[in-house]
Amino acid sequence: MVAIDESWNSNDSPWWAKMRRASRHIEEVRKLVDDMESGSYWWIEEEEGRHENESAYRLRLKESVPAELATAVGDAVHNMRSALDSVAYELARKYKGGTLDNSMERAAVFPICEEPESFDRFFAKSPRKNMYGPQEKLALRSVQPFSLIEEAESYGAQVSRTYENELKKDELFRLNRLSNIDKHRRLPILGWFPETVSWSDASSRDDFQGNFKWIPGGSEFFDGSIVGYLSYYGDMDQRPKVSVFHSMKLFFADDTVLGGDIEVCLDRWHQKITEWILPRIFIVAAGNQPPMMIG
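Participant: I would appreciate a short explanation of a nonpolar patch on the surface in the present structure.
Facilitator: Taken together, the side chains of Tyr155, Met292 and Met293 present a nonpolar region at the surface, about 460 Å² in accessible area. Mapping Met293 onto the fold places it in the segment after α9 (262-285). Residue classification places Met293 among the exposed residues on the basis of a relative accessible area of 73%.

Participant: I would appreciate a short explanation of the packing of aromatic side chains in the present structure.
Facilitator: For any pair of aromatic rings, geometry is given as the distance between the ring centres together with the angle between the planes. Using the criterion set out here, one finds 13 aromatic pairs in the structure. With 6.3 Å between their ring centres and 75 degrees between their planes, Trp16 and Phe282 make a pair best called edge-to-face. Placement of Trp16 in helix α1 (residues 14-40) and of Phe282 in helix α9 is noted, with a sequence separation of 266 residues between them. The same class applies to Trp16 and to Phe282, which are both buried. Here the aromatic cluster, defined as three or more aromatic residues joined through ring pairs, consists of Phe119, Phe122, Phe123, Tyr132, Phe146 and Tyr163. For the cation-ring pair, Arg50 lies above Tyr229, with the distance from its terminal atom to the ring centre recorded as 3.8 Å.

Participant: How should the environment of Glu46 be read in this particular structure?
Facilitator: For Glu46, the position within the fold is in strand β1 (residues 42-48). Spatially, the C-alpha atom of Glu46 lies 15 Å from that of Tyr232, the residues being 186 residues apart in sequence. If we ignore the near neighbours within four places in the chain, the residues touching Glu46 are Ser55, Ala56 and Tyr57. Of the polar contacts made by the side chain of Glu46, one reaches the side chain of Ser55; its length is 3.2 Å.

Rules and cut-offs
- Residues numbered from 1 in each chain as written.
- Predicted model: local features only at pLDDT ≥ 70, side-chain atom pairs only at ≥ 80, totals over all residues.
- Heavy atoms only, no water.
- Patch = residues over 30% accessible without salt bridge, like charges linked within 9 Å, V, L, I, M, F, W, Y side chains within 5 Å.
- Areas by Shrake-Rupley, 256 points an atom, 1.4 Å probe, with all protein chains shown as cover.
- Salt bridge = Lys/Arg side-chain N within 4 Å of Asp/Glu carboxyl O.
- Helix = DSSP H or I, 4+ residues; strand = E, 2+ residues; numbered from the N terminus.
- Buried < 20%, exposed > 50% of the residue type's maximum accessible area, 1.4 Å probe, protein only.
- Phe/Tyr/Trp six-rings, centres within 6.5 Å; stacked < 30°, edge-to-face > 60°.
- Lys NZ or Arg CZ within 6 Å of the ring centre and 35° of its normal.
- Contact = heavy atoms within 4.5 Å.
- Polar contact = N/O pair within 3.5 Å; in protein donor to acceptor, adjacent residues only side chain to side chain.

Quick look at the structure:
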């Protein structure tokens, strides 16, 4: 059993309070998204395709994504990102004996770095270089986008993944990217993508499904976008009448992983921080090596 400073687990700590607040915002997002995805905000129009045995399906939106949803998303993202900064602040405060001057308080920011070199540069600048000890730096290093690759290589494992590719998929990097966009530029752009497409035929012919092929229309979908094409490859004289069914999901257009369901992304980021990022930091800050598993 790994012993840690129990103050990290206090319900009154700013990081856990902010993660709870993020949960409430995620629930608000879930309710708004469920309403929009139910079909009250969008419909699909069928039209002639690119050739005579093909139909095209165009997305139509009743209205744009409401600002209330984008701001609720931003609130959830900010609380999760802010929880991390609170942990970085507390690591520095504990190391410095409970007191930070104004310049140190401003410099107490949670780093999210692509590779080990940029992480080292982050802590080489004053006053940050004197704010954290070796164990505090290791605690923050152990949850960086590059950390698992670096640790695997330290054990002699051959790793085919690269720091650059890991960064684009990393939950903290994606969270930080959306937080910065919302704080410094604009509301996050929320787009649509087709979750599922299916079709049916009243005649129930055995070869029905094999005679049709669905061709996606693209990777980003807004009002007027072609969702996709349904092409028929059978006998044109016996082409069956089909009914096509669509379900649409909202995604983060600003994300580095396109097509990520909003609710799924927020839930995954929240889970990653609460079940992996924060516990791993606390364990390492207590003087332990980064654990491979957390139970």
